[in-house]
Amino acid sequence: MKTLIINIKQLVQVEKAPRTWVAGDDMSRLESISNAWLYTENGKIAAFGKMEDLDRAALHLDDGTVEEIDATGRLVLPSFCDSHTHLVYAGSREIEYIDKIRGLSYEEIARRGGGILNSAERIRRASEEELYDAAYDRVMEIASYGTGAVEIKSGYGLDTESELKMLRVIRRLKEETPLLIKSTFLGAHAVPAEYKGRQTEYVDLIINEMIPMVSAEDLADYIDVFCDQGFFTVEDTDRILNAGMKYGMRAKIHANELACSGGIQVGVKYNALSVDHLEHVGDDEIACLLDSETMPTVLPGAAFFLNMPYSPVRKMIQAGLPVALASDYNPGSSPSGNMKFVMSLGCINYKMLPEEVINATTINTAYAMGVEEEAGSIAVGKLANFYITKPIPGIEYLPYAYTANLIETVFLKGEQYSSLKS
Ligand code: NIG
Ligand code: FE
């Protein structure tokens, strides 16, 4: 499959020499080419440049095998990388949404057996096939919103069999959908009802039974712990990450959503790929992150939906840190995987510039899920994962028009989709 896209009004986030991530002041810089072309071959980006420099003969573009698309008035951007989701789940939790409207907090709902435990009960009852079908629809839904790579966690099973069931669903999504997918084992999402009051024993089960079995089937790329007030302690997290490391699973953890929990520090101690949520971040946490290879990842949808304090993103960027933004798509705290809306929330609630939110949802999330060599920018040799917008004035219009669907065509691994929803 060969495709040439011509007359692109703006080809956004191009890189001659791909970077690992974008930090500090660089987050407000975005390399683009006006009046550009882009050529893809065998699922990869093969070349791009300015229209005036397009040499058709050199690229053998007129041999009848190349499909040509005229993108006049339209922008082309690399697909979003969504580095934090829980999109394998059964049922929905709109009843808790009403509880929240009536004033109950996330922690209060969790204490009453709602929240994660509510989803766990449903996951345990659901068949692998049912879970797959529902998750497949969600994956294709986010693809239609411009996402080309997604990390998906387990964590609603909370017993060995159900955690494995979730991870097998993710493995099938990796094999049967056109997106680039990474899987994360999150057995330590909550203490299941049958282990109430016996948290340490549940942590033992994760370490002695779940991690070895997940590893034996090679089901997880990463390991996660909800390290926060009322959930897993720093000591629990330390033990679990240590065990995961022995099986080659790098950490990506939930930290500092509900309090300055020590989660960031323990994540950095284990060289976590990312620490996520970060509503509670002080000078110590910033200093710790500055000295690390860990991507601070903020989940604006969850903070918006739960009405939580906003992470001090401007302070982190001013300190020189990179920041990534992901959706946290899940039935409890963020029932949306729309990364364009995440960009709007980044601009409105975190005072990020359009250039910053584009960097935060492409290059930086690619790093946060370990796919920076394959995705996250328009660069030769990366996957041809990108989207063509409808005719729009410029990049600012994307987060500004915050509910409009502005994506006209999606390309995943070089294949063109004008409609992805089933
Ligand atoms: O990332 N904070 C922990 N876990 C999820 C919420 C999961 C749920 O409520 O079902 C999150 O927001
Ligand atoms: Fe999460």
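Everything discussed here concerns the structure shown above.
Cut-offs used in this document
- Residues numbered from 1 in each chain as written.
- Chains lettered and ligands numbered in written order.
- Predicted model: local features only at pLDDT ≥ 70, side-chain atom pairs only at ≥ 80, totals over all residues.
- Heavy atoms only, no water.
- Helix = DSSP H or I, 4+ residues; strand = E, 2+ residues; numbered from the N terminus.
- Rg over C-alpha atoms; globule rule 2.2 N^0.38 Å.
- Contact = heavy atoms within 4.5 Å.
- Areas by Shrake-Rupley, 256 points an atom, 1.4 Å probe, with all protein chains shown as cover.
- Lys, Arg positive; Asp, Glu negative; His and termini not counted.
- Charge placed at Lys NZ, Arg CZ, Asp CG, Glu CD.
- Donors = N, O, S within 2.8 Å, 3.2 Å for Na, K, Ca; no water.
- Buried < 20%, exposed > 50% of the residue type's maximum accessible area, 1.4 Å probe, protein only.
- Polar contact = N/O pair within 3.5 Å; in protein donor to acceptor, adjacent residues only side chain to side chain.
- Salt bridge = Lys/Arg side-chain N within 4 Å of Asp/Glu carboxyl O.
- Pairing = 2+ DSSP bridges.
- Near = heavy atom within 4 Å.
- Nonpolar A, V, L, I, M, F, W, Y, C, P; charged D, E, K, R; others polar.
- Axes fitted to C-alpha atoms, helices over the stretch in contact; angles between N-to-C directions.

Engineer: Explain the overall build of the protein here, please?
Structural biologist: Broken down by element type, the protein carries 15 helices and 16 strands. Compactness check: the protein gives a C-alpha radius of gyration of 21 Å against a globular reference of 22 Å for 422 residues, within 12% of the reference. Judged by the C-alpha coordinates and their principal axes, the protein covers about 70 × 45 × 45 Å. Once local pairs closer than 6 in sequence are excluded, the contacts in the protein between residues at least 24 apart make up 74%. Total accessible area on the protein is roughly 16,100 Å²; 48% of this is exposed by carbon and sulfur atoms. Across the protein, 40 positive and 61 negative side-chain charges occur, with their mean positions spaced 3 Å apart.

Engineer: What exactly am I supposed to notice about the coordination of the iron ion (ligand 2) here?
Structural biologist: Ideal values differ by geometry: the angle at a metal is 109.5 degrees with four tetrahedral donors, but 90 or 180 degrees with six octahedral donors. Those protein atoms acting as donors to the iron ion (ligand 2) are H84 (NE2), H86 (NE2), H254 (NE2) and D328 (OD), and they sit at 2.1 to 2.3 Å. Read from N- to C-terminus, the donor residues coordinating the iron ion (ligand 2) fall into the pattern H-x1-H-x167-H-x73-D. Of this pair, H86 sits in the loop between strand 6 (80–82) and helix 1 (94–101) while D328 sits in the loop between strand 13 (324–325) and helix 12 (339–350), and the two are 242 residues apart along the sequence. Note on accessibility: H86 and D328 belong to one class, buried.

Engineer: Looking at this model, I keep getting lost on the side chain of S144. Mind explaining?
Structural biologist: Along the chain, the position of S144 falls in helix 4 (residues 128–144). Relative accessible area serves as the criterion here: at 12%, S144 is assigned to the buried category. Here the side chain of S144 touches E141 through a polar contact of 2.6 Å, landing on its backbone oxygen.

Engineer: I tried to follow the pattern of salt bridges on my own but got confused; where do I start?
Structural biologist: Pairing between side chains of opposite charge can happen when the charged atoms of each approach one another. The final tally for this structure, using the stated rule, is 23 salt bridges. For K2, the salt bridge is made with D63, and the minimal N-O distance between the two is 3.9 Å. Of this pair, K2 sits in strand 1 (residues 2–12) while D63 sits in the loop between strand 3 (44–50) and strand 4 (66–70), and the two are 61 residues apart along the sequence. D63 sits in the partly exposed class, given a relative accessible area of 41%. For E129, the salt bridge identified is with R172, shortest N-O distance 3.3 Å. Here R172 lies in helix 5 (residues 160–176) and E129 lies in helix 4, a separation of 43 residues in the sequence.

Engineer: Explanation requested: the pairing of strand 2 (residues 32–41) in the structure shown.
Structural biologist: Each regular strand displays side chains that alternate between the two surfaces of the sheet. Pairing of strand 1 with strand 2, which is carried by 8 bridges, proceeds in the antiparallel orientation. In the sheet register, L4 faces strand 2, and the bridge partner there is Y39. Here strand 2 pairs with strand 3 via 6 bridges, running antiparallel. When the sheet's bridge partners are listed, E41 is paired in strand 3 with K44. Hairpin connection, strand 2 to strand 3: the antiparallel pair is bridged by 2 residues, and N42 has positive phi, about 50°.

Engineer: What's the story with unusual backbone geometry in this structure? I'm lost.
Structural biologist: Residues other than glycine predominantly adopt negative phi, and peptide bonds predominantly adopt the trans conformation. The backbone of L278 shows a phi angle near 65°, a positive value even though the residue is not glycine. Mapped onto the secondary structure, L278 falls in the loop between strand 11 (274–277) and helix 9 (283–290). Of note, K351 is a non-glycine position whose phi angle comes to about 55°, a positive value. Positionally, K351 belongs in the loop between helix 12 and helix 13 (354–361).

Engineer: I'm lost on the site of ligand 1 in this one. Help?
Structural biologist: Around ligand 1 sit 15 residues in total, of which Y156, H189, E257, D328 and S333 are the nearest. H86 has a polar side-chain atom sitting 3.3 Å from an oxygen atom of ligand 1. Here ligand 1 has 330 Å² of accessible area as a free molecule, and 100% of this is covered by the chains. Grouping the constituent residues of the shell around ligand 1 by class yields 4 nonpolar, 8 polar and 3 charged.

Engineer: It is not clear to me how helix 3 (residues 116–125) should be interpreted in this structure. Could you clarify?
Structural biologist: Owing to its 3.6 residues per turn, the α-helix brings residues three or four apart onto one side. For helix 3, the full list of buried residues reads I116, N118, S119, A120 and I123. Structurally, helix 3 contributes buried residues whose contacts are with helix 1, helix 2 (106–111), helix 4, helix 5 and strand 9 (222–227).

Engineer: Just checking my understanding: could you explain the sheet that holds strand 9 for this structure?
Structural biologist: The strands making up a sheet are joined through hydrogen bonds of the backbone, oriented either antiparallel or parallel. Taking strand neighbours across the sheet as the criterion, the 8 strands line up as 6-7-8-9-10-11-12-13 in an open arrangement whose pairing is parallel. Each edge of the open sheet carries a strand with a single partner, namely strand 6 and strand 13. Examined bridge by bridge, strand 9 and strand 10 (residues 250–255) share 4 bridges and lie parallel to one another. Residue pairing in the sheet places I223 in a bridge with A251 of strand 10. Running at roughly 150° to strand 8 (residues 180–188), helix 6 (residues 199–216) makes contact with strand 8 and strand 9 of the sheet. Where helix 7 (residues 234–246) meets the sheet, it contacts strand 8, strand 9 and strand 10, and its direction lies at approximately 175° from that of strand 9.

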